[in-house]
Amino acid sequence: MPTDASAAVSDTLAQDNRARDMAQVAVFAALIAALTLVPGVPLIGSSVPFTLQTLGVTLAGAVLGPRKGALAVLVYLAMIAVGLPVASGYKGGLGVLTGPTGGYLVGFVLAAAVVGFLSRLVLRRAQGAKATGGLLLACLAGIPVVYAVGVPWLAAFAGMPFGRALQVGALVFLIGDVIKAAIAAVVTSAVARALPQLFR
Amino acid sequence: MNPAGVFVPGTTWLHRVSAGVKVGGLFAAVLLVLLIRTPLLAGLAVLVAGVVLASARIPWSVVRGGLRGLAIVLGVLFLVQWWASGLDDAAVTLGRGAASILLAWTVSMTTRVAAMLRVLEVGLRPLTWVGASPERAALTVALAIRCVPMVLDAVRQANEARSARGARPSVSSLAVPVVIRSLRMADGLGEALVARGQPRD
């Protein structure tokens, strides 16, 4: 039966695409972990070192798109949950997710989806320098999403007033996060030029 | 990176109990801890959590580093809350946080990553209701774990190529090659999965 055969072929092709999606999701989850483990550049004029974790999260969204980007972050969170020391400061285990900073990790999932959705919009419409500008806006949009979950979580966990939580949980990281969003935008733009077939 | 995760081998009852029971017990314990409203009960919860952790016989050298980090974070939270809403509230928050984190640690340090992956697969079973596959999800996590050293190696290779060219560390000399190498790695991994007929439905 030709219809059965063609149905079987399209089934197999769909399955192959799922395998490729899985591979991309797994590699980007590993990329987020690797960027978290690589020592970040110490913030200029401050002794607070920052990790490149949010760079990895933003890249996952911008390069893979909203669905696979958010899935890559979820897989990264699962790696932390099953006990691999891949959270910032070489921490791991269930305590990281339920701790005071767990909200940021949950916010990362939403941020990757938002960044991914917006950067796909940008890359569909623009090329070159215009695309980089648009991608910068898309990557910056992830920052308030992370804070929107992380800061109230921190405030609730610590029982501190929201304004204070905003100071210690958002303003301290803002400059670093803006720099990392800019890096993610430049990288995504370069990757879109090097591997255009990925973004079709 | 330590490939064994935060797991510490041992033969205590906590090491022997199945991972599913431990994770289930942890969820129940954390729910109970969240109900605590008085400093006395909060202190008791920390004591119980401490006894449970001690019964796992984790070497002191392993626990010490974590305890120091925990003490710093919780100490800051304690001071902020003492200042914001009084000593009693601060003590309750401190006790609840310390107890639930100590218990979560105990579970992670006494359970192998492979056993936790099986718990994850069971925990993800509701995914079948929305048409997704828990086996595929668990396989993706296992693949991601295997990919971490590969991506770290891609970072090292990109850095070596950069210094061989005499280029200074920059976004274009380091970050872009790492991401492109990662995507190529994903292509190879995807083809390898297809060749093996994975993921099976």
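Note that this is a predicted model, so its numbers are computed, not measured. (Residues numbered from 1 in each chain as written. Chains lettered and ligands numbered in written order. Predicted model: local features only at pLDDT ≥ 70, side-chain atom pairs only at ≥ 80, totals over all residues. Heavy atoms only, no water.)

On to the overall build of chain A, then. Scanning chain A from N- to C-terminus turns up 8 helices and 0 strands. One finds the centroid of the 13 positive side-chain charges in chain A at a distance of 17 Å from the centroid of its 5 negative side-chain charges. (Helix = DSSP H or I, 4+ residues; strand = E, 2+ residues; numbered from the N terminus. Lys, Arg positive; Asp, Glu negative; His and termini not counted. Charge placed at Lys NZ, Arg CZ, Asp CG, Glu CD.)

The next thing to look at is the overall build of chain B. Helices and strands together make up the secondary structure of chain B, namely 8 helices and 0 strands. When the helices and strands of chain B are read in sequence order from the N terminus, they spell out α-α-α-α-α-α-α-α. Relative to the compact-globule value of 17 Å for 201 residues, chain B shows a C-alpha radius of gyration of 22 Å, a clear excess of over 25%. Along the first, second and third principal axes, the C-alpha set of chain B runs to 60 × 45 × 35 Å. Carbon and sulfur atoms make up 66% of the accessible area of chain B, which totals about 11,100 Å². Seen as two clouds, the 20 positive and the 9 negative side-chain charges of chain B have centres 8 Å apart. (Rg over C-alpha atoms; globule rule 2.2 N^0.38 Å. Areas by Shrake-Rupley, 256 points an atom, 1.4 Å probe, with all protein chains shown as cover.)

So, about the interface of chain A and chain B. With 51 residues of chain A at the interface, the matching set in chain B holds 56 residues. Counting the contacts that link chain A with chain B gives 1 salt bridge. Put simply, B:Glu191 and A:Arg20 hold a salt bridge, and the shortest N to O gap is 2.8 Å. For the interface between chain A and chain B, the tally reads 1 residue pair in polar contact (both at pLDDT 80 or more). For the side of chain A that touches chain B, the elements supplying multiple residues, two or more each, are helix H1 (2-37), helix H2 (53-64), helix H3 (66-81), helix H4 (94-98), helix H7 (142-158) and helix H8 (162-194) of chain A. Looking at which element gives the most residues to the side of chain A that touches chain B, the answer is H1(A), with 18 residues. (Contact = heavy atoms within 4.5 Å. Salt bridge = Lys/Arg side-chain N within 4 Å of Asp/Glu carboxyl O. Polar contact = N/O pair within 3.5 Å; in protein donor to acceptor, adjacent residues only side chain to side chain.)

Here the focus is the packing of aromatic side chains. Using the criterion set out here, one finds 2 aromatic pairs over all chains in the structure. Summarising the aromatic geometry, the rings of A:Tyr104 and A:Phe173 are spaced 6.4 Å apart at their centres and angled 70° between planes, so their arrangement reads as edge-to-face. On the criterion of sequence distance, the pair formed by A:Tyr104 in helix H5 (residues 102-125) and A:Phe173 in helix H8 is long-range, its members being 69 residues apart. For A:Tyr104, a relative accessible area of 12% corresponds to the buried category. On the basis of an interplanar angle of 50° and a centroid distance of 5.8 Å, the ring pair of B:Phe78 and B:Trp82 is categorised as tilted. Here B:Trp82 and B:Phe78 lie together in helix H4 (residues 60-85), a separation of 4 residues that amounts to about one turn. (Phe/Tyr/Trp six-rings, centres within 6.5 Å; stacked < 30°, edge-to-face > 60°. Buried < 20%, exposed > 50% of the residue type's maximum accessible area, 1.4 Å probe, protein only.)

Attention now moves to the packing of H7(A) against H8(A). Residues and elements named next belong to chain A. For the pair H7 and H8, the least separation of the axes is 9 Å and the interaxial angle reads 150°. Between H7 and H8, the crossing angle belongs to the class labelled roughly antiparallel. Crossing geometry of H7 relative to H8 is assigned as right-handed. Between H7 and H8, the residues in contact are Ile143, Tyr147, Val151, Pro152, Leu154 and Ala155 and Phe162, Ala165, Leu166, Val168, Gly169, Ala170, Phe173, Leu174, Asp177, Val178 and Ala181, respectively. Partitioning the contact of H7 with H8 into residue classes produces 15 nonpolar, 1 polar and 1 charged. (Axes fitted to C-alpha atoms, helices over the stretch in contact; angles between N-to-C directions. Parallel < 35°, antiparallel > 145°, perpendicular 65-115°, else oblique. Left-handed = near helix turned anticlockwise from the far one by under 90°. Nonpolar A, V, L, I, M, F, W, Y, C, P; charged D, E, K, R; others polar.)

Across chain B, pLDDT averages 85, with 97% of residues at or above 70. Of all secondary-structure elements in chain B, the lowest mean pLDDT belongs to H4(B), at 79, while helix H3 (residues 39-55) of chain B reaches the highest, 92. (pLDDT = per-residue confidence, 0-100.)

Attention now moves to the pattern of salt bridges. Between side chains of opposite charge, a pair can form when the charged atoms approach closely. Scanning the entire structure with this criterion turns up 6 salt bridges over all chains. Across the pair A:Lys68 and A:Asp21 runs a salt bridge whose closest N-O atoms are separated by 3.5 Å. Taken together, the residues span a long stretch of sequence, with A:Lys68 in helix H3 and A:Asp21 in helix H1 at a distance of 47 residues. Under the relative-accessibility criterion, A:Asp21 is labelled partly exposed at 22%. Measuring nitrogen to oxygen at the nearest pair gives 2.8 Å for the salt bridge that ties B:Arg156 to B:Glu160. Residue B:Arg156 and its partner B:Glu160 are located together in helix H7 (residues 134-164), separated by 4 residues, close to a single helical turn. For B:Arg156, a relative accessible area of 40% corresponds to the partly exposed category.

Let us now look at the nonpolar core. With 124 residues, the main nonpolar core has A:Phe28, A:Met79 and B:Val179 as its most contacted residues. Here this core takes 15 residues from H1(A), the largest share from any one element. When residues of this core are sorted by domain, at least three fall in each of domain 1 (13-112) and domain 2 (126-195) of chain B. The contacts of A:Met79, once residues within four sequence positions are left out, are A:Ala29, A:Ala33, A:Leu84, A:Val86, B:Val141, B:Ala144, B:Ile145 and B:Val148. (Core = buried A, V, L, I, M, F, W, Y, C linked by side-chain atoms within 4.5 Å. Domains from an automatic or database assignment.)

On to the domain arrangement of chain B. Bring the parts together and some accessible area is lost; that lost area is often taken as the interface size. What the domain assignment reports for chain B is domain 1 (13-112) and domain 2 (126-195). Domain 1 of chain B and domain 2 of chain B are separated by 35 Å when their C-alpha centres are compared.

Residues and elements named next belong to chain A. Summarising the element assignment, Ala72 is placed in helix H3. Between the C-alpha atom of Ala72 and that of Val115, which follows or precedes it by 43 residues, the distance is 13 Å. Those residues in contact with Ala72, other than ones at most four positions away along the chain, are Val25, Phe28, Ala29, Ile32, Ala60 and Leu64.

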